[in-house]
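Structural overview
Each chain, letter by letter, is given below.
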Amino acid sequence: MSYSHHAEPHFIQRTGWLRAAVLGANDGIISVTSLVMGMAASGASSHTLFIACLAGLISGATSMAAGEYVSVQSQKDIEHADLKFEAHLLEKHPHLELEELTKIYIDRGLSPELAKEVAIQLTEKDALEAHARDEIGIIEQTAARPIQAALSSALSFSLGALFPMFAILLSPSAYTAKVVLGVGIFSLMLLGALSSYFAGTSLWKGSLRITVWGILAMAFSSWIGSLFHVSPM
């Protein structure tokens with residue numbers, strides 16, 4: 001029997017890299033722009049702002065990469081431990097594991113007879129894969145990939161931090177703070193729209209959500225910076 005096939009590009013397949021990329025870019029824009037805004041409010045010169053921005057980019061990108069790798073690797077370790085334990089149970093108690101898989105399919109709405117037949121066939125094909133997917137919840141599309149997450153975070157953080165950096169380089173000294181603020185808001189709106197597009201959700205809602213939180217962070221940093229006064233060199 002032949003079956004026709006049509007493509008269904010689901011968004012869940014983008015979860016791994018999209019989450020890390022959005023988090024990195026969002027952090028790059030907000031943290032570095034907020035840093036610049038805080039220092040600008042204190043009276044720092046454009047040269048000082050650029051050095052601070054560059055330092056924020058380098059330290060932030062490496063920190064994001066390390067943090068993302070460690071956290072996702074921890075998830076991968078948990079998945080590996082669960083799969084190893086499940087493989088041991090399948091080897092020691094195959095009949096009990098078959099009954100467990102059958103019960104899962106019954107709870108999902110299949111008749112006992114059909115559930116048993118499905119469990120048998122999937123066990124014969126790949127027992128560990130069946131239990132990983134239907135019992136534990138580990139699937140290929142959402143499995144932990146620490147290196148991919150680390151690289152996505154570092155790259156996206158760097159790209160996000162480039163917005164305030166270029167704003168400093170291209171703006172007149174007298175208007176640096178205003179230009180950085182404007183570029184920061186615009187870049188957050190753009191990031192929100194892009195992330196919503198790849199996630200298949202409302203562009204306006206995603207853009208507004210990220211932009212509002214970014215503005216609050218920038219405003220708080222500016223207020224803190226205004227409490228100090230640095231004489232421009």
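Residues numbered from 1 in each chain as written. Predicted model: local features only at pLDDT ≥ 70, side-chain atom pairs only at ≥ 80, totals over all residues. Heavy atoms only, no water.

Moving on to the overall build of the protein chain. A tally of regular secondary structure across the protein chain gives seven helices and zero strands. Across the protein chain, helices and strands are ordered from the amino to the carboxyl terminus as α-α-α-α-α-α-α. Relative to its 233 residues, the protein chain shows a buried fraction of 36%. Here the analysis covers contacts within the protein chain between residues at least 6 apart in sequence; of these, 74% occur between residues at least 24 apart. Total accessible area on the protein chain stands at roughly 14200 Å², and carbon and sulfur atoms take up 68% of it. (Helix = DSSP H or I, 4+ residues; strand = E, 2+ residues; numbered from the N terminus. Buried < 20%, exposed > 50% of the residue type's maximum accessible area, 1.4 Å probe, protein only. Contact = heavy atoms within 4.5 Å. Areas by Shrake-Rupley, 256 points an atom, 1.4 Å probe, with all protein chains shown as cover.)

Another point: the side chain of Glu86. Of note, Glu86 is situated in helix α2 (residues 46-92). Ignoring any residue separated from it by four or fewer positions in sequence, one finds Glu86 in contact with Glu97, Glu100, Leu128, His131, Glu135 and Ile136.

A cluster of nonpolar residues, Phe220, Trp223, Ile224, Leu227 and Phe228, forms a patch on the protein surface that exposes about 570 Å² of accessible area. One can find Ile224 in helix α7 (residues 203-226). For Ile224, a relative accessible area of 32% translates into the label partly exposed. (Patch = residues over 30% accessible without salt bridge, like charges linked within 9 Å, V, L, I, M, F, W, Y side chains within 5 Å. Salt bridge = Lys/Arg side-chain N within 4 Å of Asp/Glu carboxyl O.)

Before going further, it helps to spend a moment on the confidence of the model for the protein chain. Considering every residue of the protein chain, the mean pLDDT works out to 83; 88% of them sit at 70 or more. Across the protein chain, helix α3 (residues 94-107) holds the top mean pLDDT of 93, while helix α1 (residues 15-42) sits lowest at 80. The model gives residues 8-12 a pLDDT under 50, and that stretch makes six contacts with residues more than four places away or in other chains. (pLDDT = per-residue confidence, 0-100.)

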